[in-house]
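Structural overview
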Amino acid sequence: MEEEAQKKHFIIVTLAVQSHVNPTLEFANRLLEAGAHVTLVTSVSGKRYAERRKLPEGLGIATFSDSNDDGYRISDGDLLDYWSNFQKNGSKVIGEVYEQARDEGKPVTCLVYALRLPWVAQVAREYHVPSAVLWIQPALVFDVYYYYFRGYGDVIKEFENNPSWSIKLPNLSSTLRKCDLPSYLLPSSPLPKTAFVNVMFLKHIEELEKEERPTILVNTFEALEVDALKAVERFTLIPVGPLLPLRSLEGRDTLDDKLSSAEDLRDEDYMKWLDSQEESEVIYVSFGSIFVLSGAQQQELARALLQTNRPFLWVIREKADELSCLEELKQLGKIVPWCSQVEVLSHPSVGCFVTHCGWNSTLESITAGVPMVAFPQWTDQMTNAKLVEDLWKIGVRVEKHEEEGLVNADEINRCLEVVMKSEEMRENAENLMKLAVQAVKQGGSSYQNMKDFINHVDTNSYLR
């Protein structure tokens, strides 16, 4: 594979959001390990997110200003200006990278772009270069968006006031309820951001339909989404995941080796605390890098953790001191503003993950063999929670009290007890962990798909 790859040069374009940057960097790393040249194109803040991780050796980075150099925090009123700047300045930098690579004798082989950047496909056609989408959400979410924009949107829009509504989309075995759909597709989702994001997803579909043989690389693996990967007959979805650092895919048996190779993680206070806990007894709680629970919801979660009387590690990025029962919580568990999630999930003491079900977090939990309490908030998290509970049976999903608009403490406690006591969920999670490892190892399905993509991207003949 390396001999073929040495002739290839990939430009990868990503949005400046941590959940986009992380899988994109891992994808870049695998291209580099195969011997290809890779240039990451992102905004100034995107580079900063990338530098929070150890950057792959040999990765080139070209940046531009998207008018939010301090980070991706834009209001609805700034949306058009933001995306206009991102596209205009991003297109210019892609052109500069393309021309420099040509002049240096390393011509660009392919433009790869992550979510919400469909305009990159247009740039690729201008330079007569193949393009590929790196779909960093599950295949099922792609299917739902596709069918929404291709005949099922009106049906979905009609169900707003019908709590028993459900739909079965073509070639999918699962029935989807209102709460299982990506939040942007719900009529009650706030505008104008919803409409704007949906236009982006529609443009993804339209750009792919312009290609004779569109390439859609998905951050999933074959055994995880067998039906969903084949549900859209118009397209071939190619699983290349999980796009996680290899050491997080090695299973818990190699924990000590992983920790010793990580920079001073054993010196972290929370890791020492985890070392002192019993196996599979700790509840890990984290809601990702963007979403912040309301004060009232945090209080309900705090009450639930106290009710369980189990040790917990809770990541609260801000306002932890506003919890009314903070001292009681500190006696039972540990609250931190940040932790290395991959290392925490791989620790033998962790028995459950309370998660917003972002796709990166979901995959990290799967590859660590940890069952979940699904606590989705928005976008694809609703569909991911459906997969966790109903399809894979590796967790349970909290139910929100409609009148209060909150998930109350009793409901959270119920879910925690179910997951912590379920041997079936633990076994299912461990089985998926093994399948994830098999997929990315040499000879595995995702490994082979990646190899075929690299070797044949310029001939556009792989996996057909």
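Computed from a prediction, not measured in an experiment: that's the story for all the values here.

Thresholds, definitions, all that
Residues numbered from 1 in each chain as written. Predicted model: local features only at pLDDT ≥ 70, side-chain atom pairs only at ≥ 80, totals over all residues. Heavy atoms only, no water. Helix = DSSP H or I, 4+ residues; strand = E, 2+ residues; numbered from the N terminus. Buried < 20%, exposed > 50% of the residue type's maximum accessible area, 1.4 Å probe, protein only. Contact = heavy atoms within 4.5 Å. Areas by Shrake-Rupley, 256 points an atom, 1.4 Å probe, with all protein chains shown as cover. Lys, Arg positive; Asp, Glu negative; His and termini not counted. Charge placed at Lys NZ, Arg CZ, Asp CG, Glu CD. 1 Å grid on protein atoms, 1.4 Å probe; cavity = no way out; pocket = protein on both sides within 12 Å on 5 of 7 lines; lining within 4 Å. Points joined across faces, edges and corners; volume = space filled by probe spheres on them. Nonpolar A, V, L, I, M, F, W, Y, C, P; charged D, E, K, R; others polar. Arc of directions from axis to C-beta. Pairing = 2+ DSSP bridges. Axes fitted to C-alpha atoms, helices over the stretch in contact; angles between N-to-C directions. Core = buried A, V, L, I, M, F, W, Y, C linked by side-chain atoms within 4.5 Å. Phe/Tyr/Trp six-rings, centres within 6.5 Å; stacked < 30°, edge-to-face > 60°. Parallel < 35°, antiparallel > 145°, perpendicular 65-115°, else oblique. Left-handed = near helix turned anticlockwise from the far one by under 90°. Patch = residues over 30% accessible without salt bridge, like charges linked within 9 Å, V, L, I, M, F, W, Y side chains within 5 Å. Salt bridge = Lys/Arg side-chain N within 4 Å of Asp/Glu carboxyl O. Right-handed = clockwise from strand over helix to strand, strands pointing away.

**Let's talk about the overall build of the chain**
Summing up its helical and strand segments, the chain has 17 helices and 15 strands in all. Principal axes of the C-alpha set define a box for the chain whose edges measure 65 × 55 × 40 Å. Evaluated residue by residue, the chain yields a buried proportion of 58% over its 464 residues. Long-range pairs, those at least 24 residues apart, make up 65% of the contacts in the chain between residues at least 6 apart in sequence. For the chain, the accessible area works out to roughly 19900 Å², and carbon and sulfur atoms hold 45% of it. When the 48 basic and 69 acidic side-chain charges of the chain are each reduced to a single mean position, those positions are 3 Å apart.

**Quick notes on the layout of surface pockets**
Its boundaries defined by the atoms lining it, the second largest pocket holds a volume of some 1200 Å³. Every residue lining the second largest pocket is counted, 36 residues in all, and those nearest its centre are C179, M382, R397, K400 and E402. Of all the elements in the fold, those that place two or more residues in the lining of the second largest pocket are α7 (193-210) and α14 (381-391). Class assignment for the residues of the lining of the second largest pocket results in 15 nonpolar, 12 polar and 9 charged.

**A look at helix α3 (residues 44-51)**
When α3 is considered as a whole, its buried residues turn out to be S45, G46, Y49 and A50. Projected down its long axis, α3 carries its buried residues within an arc of 150°, all on one side.

**A look at empty space enclosed by the protein**
Scanning the model with the defined rule gives 1 cavity of 30 Å³ or more in all. Reported here for the largest cavity is a volume of approximately 130 Å³. For the largest cavity, the full set of lining residues is F287, G288, F291, V292, L293, Q298, W314, V315, I316, R317 and E318. Classifying every residue of the lining of the largest cavity by side-chain character gives 7 nonpolar, 2 polar and 2 charged.

**Points about the sheet that holds strand β4 (residues 110-113)**
Taken in spatial order, the 7 strands of this open sheet run β3-β2-β1-β4-β5-β8-β9, and their pairing is parallel. Single-partner strands in this sheet number two, and they are β3 (60-64) and β9 (237-239). Averaged over all adjacent pairs, the angle separating strand axes in this sheet is 25°, with direction ignored. Across 4 bridges, strand β1 (residues 9-13) lies against β4 in parallel orientation. By the bridge assignment for β4, F10 is matched with C110.

**A closer look at α14**
With 8 of its 11 residues buried, α14 lies for the most part within the structure. Restricting attention to buried positions, one finds in α14 the residues Q381, M382, T383, N384, A385, K386, L387 and V388. Count one or two residues on from α14 and you reach K393, which has phi positive near 55°.

**Some thoughts on the nonpolar core**
Formed by 126 residues in total, the largest nonpolar core has its most connected members in F27, L31, F142 and F453. Setting aside chain neighbours within four positions, we find F27 in contact with I12, V112, L134, L217, L243, M450 and F453.

**Details of the packing of aromatic side chains**
Here the structure, examined in full by the defined rule, presents 22 aromatic pairs. One aromatic cluster is present, built from ring pairs that chain together W135, F142, Y145, Y146, Y147, Y148, F149, Y152, F201 and F235.

**Quick look at the side chain of N360**
Positionally, N360 belongs in helix α13 (residues 359-368). Exposure remark for N360: the relative accessible area of 11% places this residue in the buried category.

**Some points on the packing of helix α2 (residues 18-33) against helix α17 (residues 445-456)**
Where α2 meets α17, the axes come as close as 11 Å, and the angle between the chain directions of the two elements is 65°. In terms of orientation, α2 lies roughly perpendicular with respect to α17. Here α2 runs over α17; the crossing is right-handed. Judged by residue contacts, F27, R30 and L31 of α2 engage M450, F453 and I454 from α17.

**Regarding a negative patch on the surface**
On the surface, a cluster of negative charge is contributed by E423, E424, E427 and E430. Secondary-structure assignment places E430 in helix α16 (residues 423-440).

**Quick notes on the pairing of β3**
With 5 bridges joining them, strand β2 (residues 37-43) and β3 adopt parallel strand pairing. Note that in β3 the partner of V41 across the bridge is A62. With α3 bridging β2 and the parallel β3, this β-α-β connection has right-handed handedness.

**Focus on the packing of helix α4 (residues 79-103) against α7**
Direction vectors running N to C along α4 and α7 enclose 25°, while the axes themselves pass 11 Å from each other. As judged from the angle between their axes, α4 and α7 are roughly parallel. Residues L79, L80 and W83 of α4 lie in contact with α7, whose contacting residues are K193, F196 and M200. For the contact of α4 with α7, a count of residues per class yields 5 nonpolar, no polar and 1 charged.

**Remarks on the side chain of E300**
Note on placement: E300 falls in helix α10 (residues 295-308). You can call E300 buried: its relative accessible area is 15%. Setting aside residues no more than four positions away along its own chain, E300 makes contact with L406, V407, N408, A409 and I412.

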